[in-house]
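Okay, here's what each chain looks like letter by letter:
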Amino acid sequence: MKYLFLLLCFSFSFAQNSDDKMYSITYLNQFKDRKSIDFPLKEYSRLLVNKNESIYQIYNAMHLDTLKFEGTVTSDDRNRYYSFNKHSIYFKNNTLKYNDVIYEDEYYYEETINHSWELKDEEMDIKGYSCRKAITNYGGREWEAWYTLDLPINAGPYKFKGLPGLILKLTDSTGSYNFDFYAITERELKPLKKYHHLKPKSEWINTTRTNFNKIKANYESLSLNEKLNYGNTGPKIKVKLIGGSDDSELRNPKKVARAKDLNLIEIDYKD
Amino acid sequence: MKKMFLSLGFIVAVMFSVSAQSSQSGCPSNSTYISASCVSGCYSVYTNNGTIWDFIGKKPTTDQENAIRDDLNRRCSTFGGQASIDEPGNI
């Protein structure tokens with residue numbers, strides 16, 4: 001009963017939403033981006049939506065960006081707010097702007113999204129919201145989405161949208177990537193943008209989605225010392241632990257994730 | 001002979017200065033404290049100038065620090081999973 005009351009209150013507030021408000025939607029992402037990982041990795045992500053505009057980032061990355069923007073970030077913050085994924089996805093209507101970092105470079109591409117959703121009759125309740133199922137293909141994977149008409153927001157996690165309601169659950173058919181709705185709140189509107197960039201816009205590497213995914217796959221399959229020398233034409237660099245807990249087990253080269261172990265979210269770069 | 005002593009003195013002074021502990025992390029000043037979910041420590045980077053590696057490492061740049069942290073967290077995830085994650089706040 002209490003749940004129903006809260007839901008009604010939120011639905012009413014949704015109907016009253018004014019221009020100076022936005023929605024902050026949090027998802028729990030669980031993913032296995034390496035085949036060798038036994039347990040899925042977890043990160044919270046945040047989707048900020050205002051009408052036809054949205055920005056999506058991993059929560060820790062968004063938090064770190066805010067601290068960098070305010071000029072208060074410390075090395076401890078970088079440790080505390082670590083995120084496996086650093087990308088940001090800004091949507092305006094159906095066009096997205098994707099930014100990501102590979103070592104010392106910031107990459108950028110634009111993409112027009114028109115998912116061809118197949119709507120299903122199946123229904124499921126997620127945190128008190130009645131959801132319906134839809135299926136689409138994207139990036140070389142088949143995706144199953146659960147959306148709710150209770151929140152008529154055309155948005156969802158990562159690059160997914162185009163349904164008559166907010167996507168509350170998204171899973172790929174191999175179970176490697178899962179996005180689960182965690183919370184939604186109404187907030188004062190602020191500019192929907194990434195608040196800190198590694199490089200000024202003039203230095204972003206403008207590319208295509210496929211090319212970016214090829215570069216990312218190539219980089220992710222390198223060892224650490226190879227990564228530190230990525231794109232380096234000068235003297236060779238290596239890293240050494242000079243104090244602290246022994247990481248020799250971690251440095252075992254046999255454990256280095258190689259290309260065949262990669263299980264990136266978009267796999268159609270291999271085609 | 002005097003020159004040799006001076007050089008030796010200089011090397012000792014440099015070694016002393018880089019081993020000075022930074023008050024924040026307990027790491028020498030030529031390194032950065034990096035913490036991942038299963039391991040942490042003070043990391044330095046060394047450069048090879050053609051024939052030999054640096055005798056004393058340098059503090060990693062922010063990009064190098066990020067790459068090291070990424071690598072450690074990634075490797076930690078293949079050794080029994082990931083540490084618990086904080087609930088998201090209100091940014």
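Basis of the calculations
Residues numbered from 1 in each chain as written. Chains lettered and ligands numbered in written order. Predicted model: local features only at pLDDT ≥ 70, side-chain atom pairs only at ≥ 80, totals over all residues. Heavy atoms only, no water. Contact = heavy atoms within 4.5 Å. Buried area = accessible area lost by both parts, 1.4 Å probe. Salt bridge = Lys/Arg side-chain N within 4 Å of Asp/Glu carboxyl O. Polar contact = N/O pair within 3.5 Å; in protein donor to acceptor, adjacent residues only side chain to side chain. Helix = DSSP H or I, 4+ residues; strand = E, 2+ residues; numbered from the N terminus. Nonpolar A, V, L, I, M, F, W, Y, C, P; charged D, E, K, R; others polar. Pairing = 2+ DSSP bridges. Axes fitted to C-alpha atoms, helices over the stretch in contact; angles between N-to-C directions.

## Some remarks on the interface of chain B and chain A
The partner chain A presents 56 residues to the 49 residues of chain B that form the contact. Between chain B and chain A, a total of about 4,500 Å² is buried, with carbon and sulfur atoms accounting for 56% of that surface. Across the contact surface, chain B and chain A share two salt bridges. Inspection of the chain B/chain A interface yields ten residue pairs in polar contact (both at pLDDT 80 or more). Those elements that place two or more of their residues in the side of chain B that touches chain A are β1 (32-35), β2 (40-48) and α2 (62-77) of chain B. Grouping the constituent residues of the side of chain B that touches chain A by class yields 18 nonpolar, 22 polar and nine charged.

## Some remarks on the sheet that holds strand β10 (residues 166-172) of chain A
Residue and element names in this part refer to chain A. If you trace the twelve strands from one edge of the open sheet to the other, you get β7-β8-β9-β10-β11-β1-β2-β3-β4-β5-β6-β12, paired in mixed fashion. Edge positions in the sheet fall to β7 (118-126) and β12 (205-206), since each has one partner strand and no second. One ladder, built from eleven bridges, connects strand β1 (residues 21-31) with strand β11 (residues 177-188); its direction is antiparallel. Bridging from a neighbouring strand, Y23 pairs with E186 of β11. Running at roughly 20 degrees to strand β5 (residues 95-102), helix α4 (residues 209-220) makes contact with β5, β6 (105-112) and β8 (129-138) of the sheet.

## What about the pairing of β5(A)?
All names here are of chain A. Direction of pairing for strand β4 (residues 88-92) relative to β5: antiparallel, over a ladder of five bridges. From the neighbouring strand, K92 faces β5, where its bridge partner is T95. In this sheet, β6 lies alongside β5 in antiparallel orientation, the contact comprising eight bridges. Pairing of I102 across the sheet is with D105, part of β6. Linking β5 to β6, which pair antiparallel, is a turn of two residues; within it Y103 sits at a positive phi near 50 degrees.

## Considerations on the sheet that holds β2(B)
Strand order across the open sheet formed by three strands is β13(A)-β2(B)-β1(B), with antiparallel pairing between neighbours. Bordering the open sheet on either side are β13 (236-244) of chain A together with β1 of chain B, each of which pairs with just one other strand. Sheet twist, expressed as the mean angle between neighbouring strand axes with direction ignored, is 40 degrees. Of the strand pairs in this sheet, β13(A) and β2(B) are connected by eight bridges, and their pairing is antiparallel. Counterpart to K238(A) in the pairing with β2(B) is Y46(B). Contacts from α2(B) reach β13 of chain A together with β1 and β2 of chain B within the one sheet, and its direction differs from that of β1(B) by about 30 degrees.

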